[in-house]
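Summary of structural features
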Amino acid sequence: MAENPNNAVLRLGGIRKSYLSGESELEVLHGIDLTLQRGEFAALIGPSGSGKSTLLNLIGLLDRPTAGQLFIDGEETSTLAESSITKLRGQRIGFVFQHHCLIPAFTALENVMMPLLVDRGRPDAAMRQRAAELLAEVDLADRQDYLTSRLSGGQQQRVAIARSLAMNPSLVLADEPTGNLDTHTADDIFALLREVNVREQTTFLIVTHDPRLAARCDRIIELVDGSIVSDRSV
Amino acid sequence: MAMSPWLPFEWIAATRFLREGRTQSLLIIVGVGVGVSVIVFMSALLSGLQSNLVKRTLSSQSHIVLLPPEEIARPLNGDKSGPLIQKQAQRLRSIDQWQNIRGRLEKMPEIAAVSPVASGPAFAVRGDANKSVSLIGIEPENYNRVIGLEERIVAGRLRLNAGEAVIGIELAKDLGAAVGDKLRLNTGNGANDTLTITGLFDLGNKGVNARNVYVGLRSAQSLLDLVGGVSSIDLSLRDIYAAEGLALKIAAETGLQADSWIKTNAQFFTALTSQRISSNVIRFFIGLSVAFGIASVLVVSVVQRSKEIGILRAMGASRGQILRTFLLQGGIVGLLGSLLGSALAWSFLAIWRMLALNPDGTPMFMIDVEPELIVIAAGGATLVGILAALMPARRAANLDPVVAIRG
Ligand SMILES: Nc1ncnc2c1ncn2[C@@H]1O[C@H](COP(=O)(O)OP(=O)(O)OP(=O)(O)O)[C@@H](O)[C@H]1O
Ligand SMILES: [Mg+2]
């Protein structure tokens, strides 16, 4: 894949992250350089505590790095104000978390609409239409008016995937999206992500502990103790 | 359950969150409702009670009494049981140029009615009975507009032609007189007249009922040796609480002594004011506990929903949107609580009306929940709700999404 840094969906340069623990600073990420091109389907693996979630939160603009540069679609983010960061996050990045990531007060359809709703302020018919289409794509057309508590774990995760795609994001970040599911359901969910990737050319970065699933990605990035130790195409 | 297309995200989320936290929401709305109902009930009761007391006090008093200027300095707050009993002056003096002053007073927009009065001490004699009375000469029509004498007539009617008088029920009892009977009046200066009783009144005050004898203005003027003069001018105002200020103004303009009902009833008025202050204190503390109730429920809700708040933030919800979602919840709880409270207060008052009766079965006094009071309560409770939500809402808005999502 041709490395064109300006067309990259994501580019990290020398990203560091430290936490204050008591008196001393604890550096969790030690200068991460990473570029993801449009359409990539990458796995982020590594032992527990190696900094995978921390890195994903930085990329997802939920947190700010201690040092380094982070470009989303070529836009440098470290100088952006909080409100612009929020807008950028809502419009360019989709999230799939490990568990309990739907809002129980809303139906499946409304959960899928939510990124559109917070972006535009008021619901409209087009939003509803888009959400219904996305739910149909994850095979949940018949569950759209269910409250999330009435859906199974796998169904909830499919709603979450539909939701992460609502804004047509450049990049979808998934932190152990199958961590809470049985093997069979995990395979289905993974296949669904892959399908979206192929069809929409959406870029995915997926944290997983499951080597079997990692092997089904195009690229495997391995993090150990806050540094990338290997980055290989499969 | 469908999202209304015209509502913004904040409204949708606020109402959904409240509906989802059913028991909590219901309990706090009931809590707010109870608080508001006490405030509304208390306010209605107090204003009913006070306006009733004021009405009773003013039933036999004019709002302002104008008297000739004092010749010598008089002690302040001399002991007076009612303004209608004129000070026992050494000699009756007329108000200079009273016709002229009357004309000026009648043009003042604050004044509803002007009633010149010629009054002085006299003795009422009937057979062996002899009573000291206040002889009051009035123009019945004008006097009626200051003190509703006509509607207080319990026997006969208010007719004061030459040789006619209207007396109180107590005096009638003391003298053993009834409507149609004769009565003899003697004044200090030797004048006397025999009058026919045309009516009996009950002004709701035993002293007044035993003392006042009403005659036509001309009769009083000749009996009291005040021909062409009046000893006082009684005024009725459009705003009774403006009495003191207006009295000062009139005194300055006319040089007369002007006594307002507020000054004459200073103690009573102070009692009313302190009653109002103490009820305001109670209202304030009820409002405060309502606010703390709303705030604590919302604080708990923010903690319970921190993960959801983090997810909403991850999906692009701004701090402002989260802030407003929780402020709205406070406002909605306040508003619904106040509506419930107003309904409760209204039922309390309905019960009160059934229970608080005079021995004869008539209501003790009129109380009503004015629509104004409900609007104020609703607006106030909504505002209190929003203010109470400020702290929890800011907490929600400032949640670190990373921490919130990790749970
Ligand atoms: N808010 C924080 N304050 C202090 N230390 C933190 C904080 N968040 C994470 N860390 C530390 O950073 C390191 C990396 O944590 P992180 O959650 O990124 O690991 P991970 O690779 O996702 O692990 P896992 O596979 O178990 O989810 C850990 O040592 C953790 O203790
Ligand atoms: Mg993790």
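Everything numeric here is computed off the predicted structure, so don't read it as measured data. (Residues numbered from 1 in each chain as written. Chains lettered and ligands numbered in written order. Predicted model: local features only at pLDDT ≥ 70, side-chain atom pairs only at ≥ 80, totals over all residues. Heavy atoms only, no water.)

1. Quick look at the interface of chain B and chain A
It is common to give the size of an interface as the accessible area lost on bringing the parts into contact. The line we're drawing: Any pair of residues with heavy atoms lying within 4.5 Å of one another is described as a contacting pair. Summed over both partners, the accessible surface that disappears when two parts come together, traced with a 1.4 Å probe, is what is meant by buried area. Counted as salt bridges are all cases of a side-chain nitrogen of Lys or Arg within 4 Å of a carboxyl oxygen of Asp or Glu. Polar contacts here mean pairs of N or O atoms no more than 3.5 Å apart (in protein, one a potential hydrogen donor and the other a potential acceptor; neighbouring residues in sequence count only if both atoms are side-chain atoms). Segments assigned H or I by DSSP are reported as helices when at least four residues long, segments assigned E as strands when at least two residues long, and all are numbered from the N terminus. By the convention adopted, Pro, Cys, Tyr, Trp, Phe, Met, Ile, Leu, Val and Ala count as nonpolar, Lys, Arg, Asp and Glu as charged, and the other residues, Gly among them, as polar.
Contacts between chain B and chain A engage 29 residues on the former and 28 residues on the latter. A buried area of about 2500 Å², summed over both sides, lies between chain B and chain A, and 66% of it is on carbon and sulfur atoms. Joining chain B to chain A, the criterion identifies 3 salt bridges. Across the pair A:Glu82 and B:Arg313 runs a salt bridge whose closest N-O atoms are separated by 2.8 Å. Remark: the boundary between chain B and chain A carries 6 residue pairs in polar contact (both at pLDDT 80 or more). Secondary structure elements with two or more residues in the side of chain B that touches chain A: α1 (9-20), α11 (306-314), α12 (319-355) and α14 (401-406) of chain B. For the side of chain B that touches chain A, a count of residues per class yields 18 nonpolar, 4 polar and 7 charged.

2. Focus: the domain arrangement of chain B
Just so we agree on the cut-off: Note that the domain bounds reflect an automated or database-derived domain assignment.
Along its sequence, chain B is carved into domain 1 (9-56 + 269-406) and domain 2 (98-263). The straight-line distance from the C-alpha centre of domain 1 of chain B to that of domain 2 of chain B is 52 Å.

3. Here we look at the packing of helix α10 (residues 266-304) of chain B against α12(B)
All names here are of chain B. We apply this condition: An axis is simply a line fitted to the C-alpha atoms; with a helix, the fit covers only the stretch in contact. Between two such axes, the angle follows the N-to-C directions and lies from 0 to 180 degrees. In what follows, roughly perpendicular refers to angles from 65 to 115 degrees, roughly parallel to angles under 35, roughly antiparallel to angles over 145, and oblique to any angle outside these ranges. Note: crossing handedness is left-handed where the near helix turns anticlockwise from the far helix by less than a right angle, and right-handed where it turns clockwise.
Relative to each other, α10 and α12 sit at 140°, their axes nearing to 11 Å. The angle between α10 and α12 places the two elements in the oblique class. α10 and α12 meet at a crossing whose hand is right-handed. Listed contacts from α12 to Ile294, Leu298, Ser301 and Val302 of α10 are Phe326, Gln329, Gly330, Val333 and Gly334. Looking at the contact of α10 with α12 residue by residue, the class counts come to 5 nonpolar, 4 polar and no charged.

4. A short note on the pattern of salt bridges
Residue and element names in this part refer to chain A. Using the following cut-off: Burial status follows relative accessibility: with a 1.4 Å probe on protein chains alone, a residue under 20% of its type maximum counts as buried, one over 50% as exposed, and anything between as partly exposed.
Taken as a whole, this structure holds 27 salt bridges over all chains when the rule is applied. With a closest N to O distance of 2.9 Å, aspartate 142 and arginine 143 form a salt bridge. Look at arginine 143 and you get partly exposed, because its relative accessible area is 23%. The salt bridge partner of arginine 212 is aspartate 210, with a shortest N-O separation of 3.6 Å. Counted as one network, the salt bridges with shared partners bring together Glu137, Glu195, Arg199 and Glu200.

5. Regarding the sheet that holds strand β6 (residues 93-96) of chain A
All names here are of chain A. Put simply, the rule is: The criterion for strand pairing is that DSSP finds at least two bridges linking the strands in question.
Taken in spatial order, the 6 strands line up as β6-β7-β8-β3-β9-β10 in an open sheet, and their pairing is mixed. For this open sheet the edge positions go to β6 and β10 (227-233), each flanked by a neighbour on one side alone. In this sheet, adjacent strand axes meet at a mean angle of 15° when their direction is disregarded. Two strands pair when backbone bridges link them, and β6 and strand β7 (residues 171-175) are joined in this way by 4 bridges, in the parallel orientation. Residue phenylalanine 95 lies in a different strand from β7, and its bridge partner there is leucine 173. Lying on the sheet, helix α5 (residues 153-164) is in contact with β6 and β7; it crosses β6 at an angle near 175°. On the sheet, helix α6 (residues 183-200) packs against β3 (41-45) and β8 (203-207) and is oriented at approximately 160° with respect to β8.

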